[in-house]
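# Structural overview
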Amino acid sequence: GNGNDCRSDPGSMADHDDTWRRKIGFECPWHPQQIISWVVFFGQSLLVYLFVLPQYTLPVAVPLGLISFAAQSAVVILAAIIMSTNPLDPLLADDLDQYIARYKITTDKETLLANCVWCRHCKQDVLEGTKHCRMCNKCIGGFDHHCSWLNTCIGMRVYKLFLGLISSV
């Protein structure tokens, strides 16, 4: 399979093709849990607006509808930002200076570079604390986990957004 075939098994490419790397969560192949989350989310939204809210009187339905809309909007926006962000290790992304500034890394650049580790999969130096994701076939800075629901890795670049998403759900 190739990286553009959305019908492929998500794990098959990373396991069989060392050159393929998922850049972002919207990239194919989509994970079945990702598709299920979209169906459940939009199905639940329809149920709320078509069947639940009409059961209430207008003074109650309007505030509940606004609260529901705000929470659902937060989920969609945060999920879209997370899935469109590449969580790649900053050495591989060649943006170490921006990474240090944005995430308020207190360790100086020279110390970070002196403590790099070798990734045997990427065959490159990466920052300490970086882990290789087999699903995405790339090294993730501050790797926490691979989220199949978002089809991307949760690491330093998106961790706060992920916490916001979980809080909104």
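Refer to the structure presented above.
Residues numbered from 1 in each chain as written. Predicted model: local features only at pLDDT ≥ 70, side-chain atom pairs only at ≥ 80, totals over all residues. Heavy atoms only, no water.

This paragraph deals with the overall build of the protein. Assigned secondary structure in the protein consists of 7 helices and 6 strands. Each helix (α) and strand (β) of the protein, taken in turn from the N terminus, gives the series α-α-α-α-α-α-β-β-β-β-β-β-α. Within the span of the protein, comprising 169 residues, buried residues form 37% of the whole. In the protein, once contacts between residues fewer than 6 apart in sequence are set aside, the share between residues at least 24 apart is 54%. Total accessible area on the protein stands at roughly 10,100 Å², and carbon and sulfur atoms take up 63% of it. (Helix = DSSP H or I, 4+ residues; strand = E, 2+ residues; numbered from the N terminus. Buried < 20%, exposed > 50% of the residue type's maximum accessible area, 1.4 Å probe, protein only. Contact = heavy atoms within 4.5 Å. Areas by Shrake-Rupley, 256 points an atom, 1.4 Å probe, with all protein chains shown as cover.)

On to the packing of aromatic side chains. A complete count under the given rule lists 3 aromatic pairs for this structure. Look at Trp30 and Trp38: their rings are 5.4 Å apart centre to centre, the planes differ by 70 degrees, and that puts the pair in the edge-to-face class. Classification of Trp30 as partly exposed rests on a relative accessible area of 30%. (Phe/Tyr/Trp six-rings, centres within 6.5 Å; stacked < 30°, edge-to-face > 60°.)

A few words now on unusual backbone geometry. The omega torsion across Cys28 and Pro29 is 5 degrees, close enough to zero to call that bond cis. The residue Pro29 is located in the loop between α1 (10-16) and α2 (32-52) in this model. A positive phi angle, close to 60 degrees, is found at Asp94, a residue other than glycine. Its place among the elements puts Asp94 in the loop between α4 (90-93) and α5 (96-102). When its relative accessible area of 71% is taken as the criterion, Asp94 is described as exposed. Unusually for a residue other than glycine, Asn151 sits at a positive phi of about 60 degrees. With respect to the helices, strands and loops of the structure, Asn151 is situated in the loop between β5 (145-147) and β6 (152-154).

According to the stated counting rule, one finds 0 disulfides in the structure shown. The closest cysteine sulfur to the non-disulfide-bonded Cys122 is located on Cys139, 3.6 Å from its own sulfur. Residue Cys122 is classed as buried on the basis of its relative accessible area, which comes to 10%. With no disulfide of its own, Cys147 lies closest to Cys153 among cysteine sulfurs, the gap being 9.5 Å. The buried category is assigned to Cys147, whose relative accessible area is 7%. (Disulfide = S-S within 2.5 Å.)

Turning next to the side chain of Asp89. If you trace the backbone, Asp89 turns up in the loop between α3 (58-83) and α4. Look at Asp89: it is buried, it has no salt bridge, and the nearest opposite charge is Arg157 at 7.0 Å. Polar side-chain contacts of Asp89 include one of 2.5 Å to the side chain of Thr130. Beyond its immediate stretch of four places on either side in the chain, Asp89 contacts Val126, Leu127, Thr130, Cys139, Ile140, Gly141 and Arg157. (Lys, Arg positive; Asp, Glu negative; His and termini not counted. Salt bridge = Lys/Arg side-chain N within 4 Å of Asp/Glu carboxyl O. Polar contact = N/O pair within 3.5 Å; in protein donor to acceptor, adjacent residues only side chain to side chain.)

The next point concerns α3. With 26 residues, α3 extends 36 Å between its outermost C-alpha atoms, agreeing within 8% with the 38 Å of an ideal straight helix rising 1.5 Å per residue. Along its buried surface, α3 packs onto α2, β6 and α7 (159-168). (Expected span 1.5 Å × (residues − 1).)

Packing of α2 against α3 brings their axes to within 11 Å, and their N-to-C directions diverge by 165 degrees. If you check the angle between α2 and α3, you find them roughly antiparallel. The interaxial crossing formed by α2 with α3 has left-handed handedness. Between α2 and α3, the contacting residues are Gln34, Trp38, Phe41, Gln44, Ser45, Val48 and Tyr49 on the first element and Gly65, Ser68, Phe69, Gln72, Val75, Val76 and Met83 on the second. Of the residues in the contact of α2 with α3, the class split is 8 nonpolar, 6 polar and no charged. (Axes fitted to C-alpha atoms, helices over the stretch in contact; angles between N-to-C directions. Parallel < 35°, antiparallel > 145°, perpendicular 65-115°, else oblique. Left-handed = near helix turned anticlockwise from the far one by under 90°. Nonpolar A, V, L, I, M, F, W, Y, C, P; charged D, E, K, R; others polar.)

These figures come from the coordinates and say nothing about function on their own.
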